[in-house]
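Now for the letters of each chain:
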Amino acid sequence: MVYDGEGRVVQANEQAGSLLGLSPGDLYGSSAYDSGWLIVESVEGPITVHPVVAALRTGQPVRGVLVRARRPGGADVWLQVDAVPEPSGVQVVATLTDVTHLIAYSRVSSRSAGDHIVDEVTDRLAQARMEPRAILTTVTRALSKLRPGTWVASLMGKDPSEMQIVATNDDRNDESDYAASYIESMRLAGSLETTPISSRVIESGQPLLIPDITVEDLMGFLNDSVRSYLKIHPWQPPEIHLGVVVVPMRARGATIGTLGLFERRGSNPLTDKDTLWMQSIADRTGLAVENAQLYSDAVNRLERLAALQSVSLAISASPDLRLTLKVILDHVTSQLKVDAADVLLLDETDNTLTLAASTGFLATAVPEYRLPAEDGVPGRSVTGRRIETVTAMSAFSQFRRRSLFAREGFKAYGAVPLISRGKLVFHRAPLTPDQEWLSFLDALGSVAAVAIDSATMQERLRHGRWPGQSPKPTRISPEMSRTETEVMRLAVEGMTNREIAARVHLSQNTIKFHMRQIFQKTGASNRTELAHEAAKQGWL
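Residues numbered from 1 in each chain as written. Predicted model: local features only at pLDDT ≥ 70, side-chain atom pairs only at ≥ 80, totals over all residues. Heavy atoms only, no water.

Enquirer: I'd love a proper account of the overall build of the chain, names of residues and values included.
Expert: Scanning the chain from terminus to terminus reveals 19 helices and 17 strands. Per-residue burial over the chain gives 43% buried out of 540 residues. If you take every contact in the chain between residues at least 6 apart in sequence, the share linking residues at least 24 apart comes to 56%. Accessible surface computed for the chain: about 28,900 Å², of which carbon and sulfur atoms make up 52%. (Helix = DSSP H or I, 4+ residues; strand = E, 2+ residues; numbered from the N terminus. Buried < 20%, exposed > 50% of the residue type's maximum accessible area, 1.4 Å probe, protein only. Contact = heavy atoms within 4.5 Å. Areas by Shrake-Rupley, 256 points an atom, 1.4 Å probe, with all protein chains shown as cover.)

Enquirer: Summarise helix α12 (residues 321-335); cite the residues concerned and give the values.
Expert: In an α-helix, one full turn covers 3.6 residues, which means residues spaced three or four apart are oriented alike. Helix length check: α12, at 15 residues, gives a terminal C-alpha distance of 21 Å against a target of 21 Å (1.5 Å per residue), a fit within 8%. Within the sequence span of α12, burial applies to T324, L325, I328, L329, H331, V332, T333 and Q335. Two residues or fewer after α12 comes K337, characterised by a positive phi angle close to 55 degrees. (Expected span 1.5 Å × (residues − 1).)

Enquirer: Tell me about the confidence of the model for the chain, and please be specific about residues and values.
Expert: When pLDDT is averaged along the chain, the result is 76; 69% of the residues meet or exceed 70. Per-element mean pLDDT across the chain ranges from 51 in strand β17 (residues 421-427) up to 93 in strand β6 (residues 92-98). Overall, residues 107-111 carries pLDDT values under 50, and its contacts beyond four positions in sequence, including any with other chains, amount to 3 contacts. Note on residues 464-470: pLDDT is under 50 here. Beyond four places in sequence and across chains, it has 5 contacts. (pLDDT = per-residue confidence, 0-100.)

Enquirer: Could you give an account of the packing of aromatic side chains, with specific residues and numbers?
Expert: Tallied over the full model, the rule gives 1 aromatic pair. Ring plane angle 50 degrees and centroid distance 6.3 Å describe the contact between W151 and W277, whose orientation is recorded as tilted. Remark: W277 occurs in helix α11 (residues 272-317) and W151 occurs in strand β7 (residues 150-156); sequence separation between them is 126 residues. (Phe/Tyr/Trp six-rings, centres within 6.5 Å; stacked < 30°, edge-to-face > 60°.)

Enquirer: Please provide a residue-by-residue account of the sheet that holds strand β3 (residues 38-42), values included.
Expert: The 6 strands lie next to each other as β2-β1-β6-β5-β4-β3, forming an open sheet whose pairing is antiparallel. Both outer strands of the open sheet, β2 (9-11) and β3, are each paired with one neighbouring strand and no more. Bridge count between strand β4 (residues 62-70) and strand β5 (residues 76-85): 7 bridges; the pairing is antiparallel. Residue pairing for β5: V65 is matched across the bridge by V81. The sheet contacts of helix α3 (residues 51-58) involve β1 (2-3), β3, β4, β5 and β6, and relative to β5 the element is tilted by about 15 degrees. (Pairing = 2+ DSSP bridges. Axes fitted to C-alpha atoms, helices over the stretch in contact; angles between N-to-C directions.)

Enquirer: Give a detailed account of the sheet that holds β7, specifying residues and quantitative values.
Expert: The strand order β8-β7-β11-β10-β9 describes an open sheet built from 5 strands, whose pairing is antiparallel. Each end of this open sheet is capped by a strand with a single partner; those strands are β8 (163-168) and β9 (208-214). For this sheet the average axis-to-axis angle between neighbouring strands, irrespective of direction, equals 15 degrees. Packed on one face of the sheet, helix α6 (residues 132-146) meets β7, β8, β10 (241-251) and β11 (254-264) and runs near 25 degrees to β8. Contacts from helix α8 (residues 196-204) reach β7, β8, β9, β10 and β11, with the element oriented near 140 degrees to β11.

Enquirer: Lay out the nonpolar core with the relevant residues and their values.
Expert: Judged by nonpolar contacts, the single largest core of 28 residues is most densely connected at L143, L259, W277 and I281. Sorting the residues of this core by element identifies α5 (113-127), α6, β7, β10, β11 and α11 as the ones contributing at least two each. Take this core: its biggest share by element is 6 residues, from α11. When residues no more than four places from it in sequence are discounted, the contact partners of L143 are I117, V121, W151, L259, W277 and I281. Counting residues in each nonpolar core, the second largest holds 26 residues, with V62, A69, V77 and A83 among its members. (Core = buried A, V, L, I, M, F, W, Y, C linked by side-chain atoms within 4.5 Å.)

Enquirer: Run through the side chain of E263, naming residues and quoting values.
Expert: Tracing the sequence through the fold places E263 in strand β11. A polar contact of 3.1 Å, which involves the side chain of E263, links it to the side chain of R147. (Polar contact = N/O pair within 3.5 Å; in protein donor to acceptor, adjacent residues only side chain to side chain.)

Enquirer: Would you mind going over unusual backbone geometry in detail, with residue names and values included?
Expert: One non-glycine residue, R252, adopts positive backbone phi at about 50 degrees. Considering the arrangement of structural elements, one finds R252 in the loop between β10 and β11. The residue H505 is not glycine, and still its phi comes out positive at about 60 degrees. Relative to the helices and strands, H505 is located in the loop between α17 (497-504) and α18 (508-522).

Enquirer: Hey, could you go over the environment of T510 for me, with residue numbers and the actual values?
Expert: Within the element layout of this structure, T510 appears in helix α18. With relative accessibility at 27%, the residue T510 sits in the partly exposed group. Separated by 13 residues in the primary sequence, T510 and N497 have C-alpha atoms spaced 9.4 Å apart.

Enquirer: Before we move on, can you summarise the environment of T48 with the specific residues and values?
Expert: Examined against the element boundaries, T48 turns out to sit in the loop between β3 and α3. Looking at T48, the relative accessible area reads 49%, which means it is partly exposed. With 225 residues separating them along the chain, T48 and K273 place their C-alpha atoms 9.0 Å apart. Those residues in contact with T48 that sit more than four places away from it in its chain are I39 and T271.

Printed below as a string of structure tokens:
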């Protein structure tokens, strides 16, 4: 092929078009700058641009350049390219030789520095502990020693909005702790999230290469929380030039995170070749993380099944409710990785929740709180019969037990209904429960409810009272007419005077008269007290 002084094809034969999967007419007018060729090696030294562009810039022949070109159908072809300027200097003749077969099948090939980095990191991965964060830490630390710079690995959780980020600096410079300090500061501030650079790579699934950018210009790629932190804790002078490459971390066809390198611009700038070996490492890391997560999930499921079996055995073996609840709470804290938990039981005499058992609290004695059953998170959990969780720090100031929360340093709180009672879990760090976590908590809640009902039944049997038997009244039922008894029943059920009047076909004034008579006979001062006494004394 022949290129003009601007790097555009002015002549091409059929052989060249056949190699590239194009017709000579399609090649005519195409630019070397837009060819999309990946420059891999050159016998005459490092080269990062199209060989024709290099020949035009230097006026010297560029020979033996190994490139990878992609045909329109998606197939790759490996070419050896020689670019020789004509004596006039206004055109360059490029000859292409197909070496795809040699690259694909030859056992003798030169290995780049990236190949050795891949081998070294792969060896480290094989020795890493099977835990996602440990794997990310192992990879970034190994890379920082093999290729100086700041290495950042980000991993999406089961909830894509939850990110795990690990950063490591080169130990040989003065900023060896900067990246780790930044990540820890962002985590403590509760704003640890991906930057627009990582988000762009995750969403597109394509590597991002910025060979040369100043620190000041890089700020435009970052979010407000990162910029605010860097303004207070400067990382590099704004005029420093950096090279940036971020590649997607993939596993089983899905993008699960990113791996990125931020390094000072040097004489050996980042090129597309670096994206190749970094992509290889990122994919190996992604697969290792995915396997570790699957292994961890399997172990957790087995442990949780064993925990449920252990609790069931405790229920059948011991009639002591407090001992059973203690066993349940121990499994809650160990299996759900929370700091503390307690069980609140409903006292039907005054409709309040009282403490029955607790574990994990720093205070030597947990105060005996009595919480209204219809108030707060426990109340919402009981009345709504659903799991309630709270992770916003501002919400803790509204709780009745806020002094206890302050003393314990809790940052997350959840409640699960035990049919008509409540169990609470507390954590001193931000908590992001997934569906399996919530399902196991719900299962333990159901088991705890069975234990409580069993203990309650045994207690009633010991005292000769069946579950459906009404409690014996401690006060004699007041003498009331049939109409007054019906009006009291409807009032206790929560009906207004208007609703009662419509139900019994009387006027509202008549209902008001009957209510005054009822209050006088029962000694109740209001409807709430009337309902409490009627239920307690068994009048209805």
